[in-house]
Amino acid sequence: GMTSDQQEIVGRALVRATEIFNAGAANQALRMASAEILAVGGATSATSDDSRGGTILPKEQAIEYLSALAKGNDIRTAITAALHLSYAGIALPSEKIVQDGLASGDRTVKAAAARLAGISGDTASITALRVMLSDRAANISAPAARALANLGDKEIIPTLIVMVTERNVEKAAAGALGLVDLGDKETVNLLRAKLKDTDGLSKFRIAAVMYELGDTEAGALLRDEFMNIPSIRFDAACTLAKKGDAKAMQFLRDWLQTENDPTELNFTQRALATHALITAGDRTNAGVLQGVLREASPAIQALTLRLIADLDVEGLLPMVLPALTGNEPMTAMSACQTAVSLAHNDYGDRLRKYLD
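Quick caveat, the model's predicted, so the values are computed rather than measured.

(A) Spotlight on the environment of Leu277. With respect to the helices and strands, Leu277 occurs in helix H16 (residues 264–279). Since its relative accessible area comes to 1%, Leu277 is described here as buried. Along the primary structure Leu277 and Ala241 are separated by 36 residues, whereas in three dimensions their C-alpha atoms are 6.3 Å apart. Beyond its immediate stretch of four places on either side in the chain, Leu277 contacts Met249, Leu252, Arg253, Leu256, Asp282 and Asn285.

What follows is the structure, encoded as structure tokens:
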């Protein structure tokens, strides 16, 4: 359903991903990321019309590259390659990759293996992931919580309710995302009872989860209480605006009209506010995203490109062009991923579901 101009942008993204892949021998992480994109949108063969005269790498070659790394002896590289295969929708060459990663003494590898278990649907890992969930360290318990939620393990809901009130932001975010994935009416009732014992940011997080699960009383709480608290007002407005709340949407429109210093926080909030409004169907301020992509740091540009991918609006594709043709490889890679995710629905759905 894309226009010829939109298809041309996607084609340019695949050419750019191929360039990065071919030039990335010294940067394996960048090369694996480009291979993921090409495993989704690459050419059917080296001589096919969609290879653009050989300027787009064939899918099969990208998949073979990642599969070879996933079968290798270096567990950290194997797990990373397997994650890229899973994002691309390619079956893992061996289920043993997940088990070896979860058994690793390297906590970074262990956390990545937890993510891989959730993405690849490895239900055999549930017992090990539940043990990780009880770990005090957020870099272990948070990815375990996300994985178990992806695997549909409703038994962890009581633990997630505790996590959402944690002071640690990573733990609280994982708890909230898990509850939105797994929660039902009974979960809302449990969260409502928890509201009485909390205040401040913890209370806001609980109300936000309840609202995401369809509770109208929580919406009123966000609108009437939290939008009057300066430190929480913006987050409350974004939460409400995504579902079309008129007061919250107007707040964000007015906020976008104010002049702000060009700080990372302000650029981030401008992107998030615009994302919330477009999610609700208001594209009036879509140009704000273009401004952030032009002026912000590479890290904020990458976040903004992720937000564009999350919106899944093909009309926003032209915005990725400057980043696509820029000199910053990681930003260009994010632009490639965004463009290809908008052209391939299954890939976009996986990124929206599994990328934190």
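Additional details are given in the paragraphs that follow.
(B) Structural view of the layout of surface pockets. Roughly 590 Å³ of internal volume is contained in the second largest pocket. If you trace the second largest pocket, you find 26 residues lining it, with Glu36, His84, Tyr87, Arg115 and Leu355 closest to the centre. For the lining of the second largest pocket, the elements supplying multiple residues, two or more each, are helix H2 (28–41), helix H4 (75–87), helix H6 (107–120), helix H18 (298–311) and helix H20 (329–343). The dominant element in the lining of the second largest pocket, judged by the number of residues it contributes, is H4, at 6 residues.

(C) Looking closely at H2. An ideal rise of 1.5 Å per residue puts 20 Å on 14 residues; H2 measures up with 20 Å between its terminal C-alpha atoms. Counting buried residues along H2, 11 of its 14 residues qualify, which places the element largely inside the surrounding structure. Considered for burial, the residues of H2 that qualify are Leu30, Met32, Ala33, Ser34, Ala35, Glu36, Ile37, Leu38, Ala39, Val40 and Gly41. Looking at the buried positions of H2, the neighbouring elements they touch are helix H1 (4–23), helix H3 (59–70), H4, H20 and helix H21 (345–354).

(D) Quick peek at the pattern of salt bridges. Per the stated rule, a full pass over the model turns up 17 salt bridges. For Arg130, the salt bridge goes to Asp153, with nearest N and O atoms at 2.9 Å. Of this pair, Arg130 sits in helix H7 (residues 126–133) while Asp153 is found in the loop between helix H8 (138–150) and helix H9 (157–163), placing the two residues 23 residues apart along the sequence. Since its relative accessible area comes to 40%, Arg130 is described here as partly exposed.

(E) Focus on the side chain of Asp153. Exposure remark for Asp153: the relative accessible area of 6% places this residue in the buried category. In this view, Asp153 contacts Ile126, Arg130, Leu148 and Leu182; residues no more than four positions away in its chain are not counted.

(F) How the structure looks around unusual backbone geometry. The residue Arg52 is not glycine, and still its phi comes out positive at about 55 degrees. In this structure, Arg52 sits in the loop between H2 and H3. Here Arg52 falls in the partly exposed class, since its relative accessible area comes to 34%.

Quick notes on the rules
Residues numbered from 1 in each chain as written. Predicted model: local features only at pLDDT ≥ 70, side-chain atom pairs only at ≥ 80, totals over all residues. Heavy atoms only, no water. Helix = DSSP H or I, 4+ residues; strand = E, 2+ residues; numbered from the N terminus. Buried < 20%, exposed > 50% of the residue type's maximum accessible area, 1.4 Å probe, protein only. Contact = heavy atoms within 4.5 Å. 1 Å grid on protein atoms, 1.4 Å probe; cavity = no way out; pocket = protein on both sides within 12 Å on 5 of 7 lines; lining within 4 Å. Points joined across faces, edges and corners; volume = space filled by probe spheres on them. Expected span 1.5 Å × (residues − 1). Salt bridge = Lys/Arg side-chain N within 4 Å of Asp/Glu carboxyl O.

Structural measurements only, silent on function.
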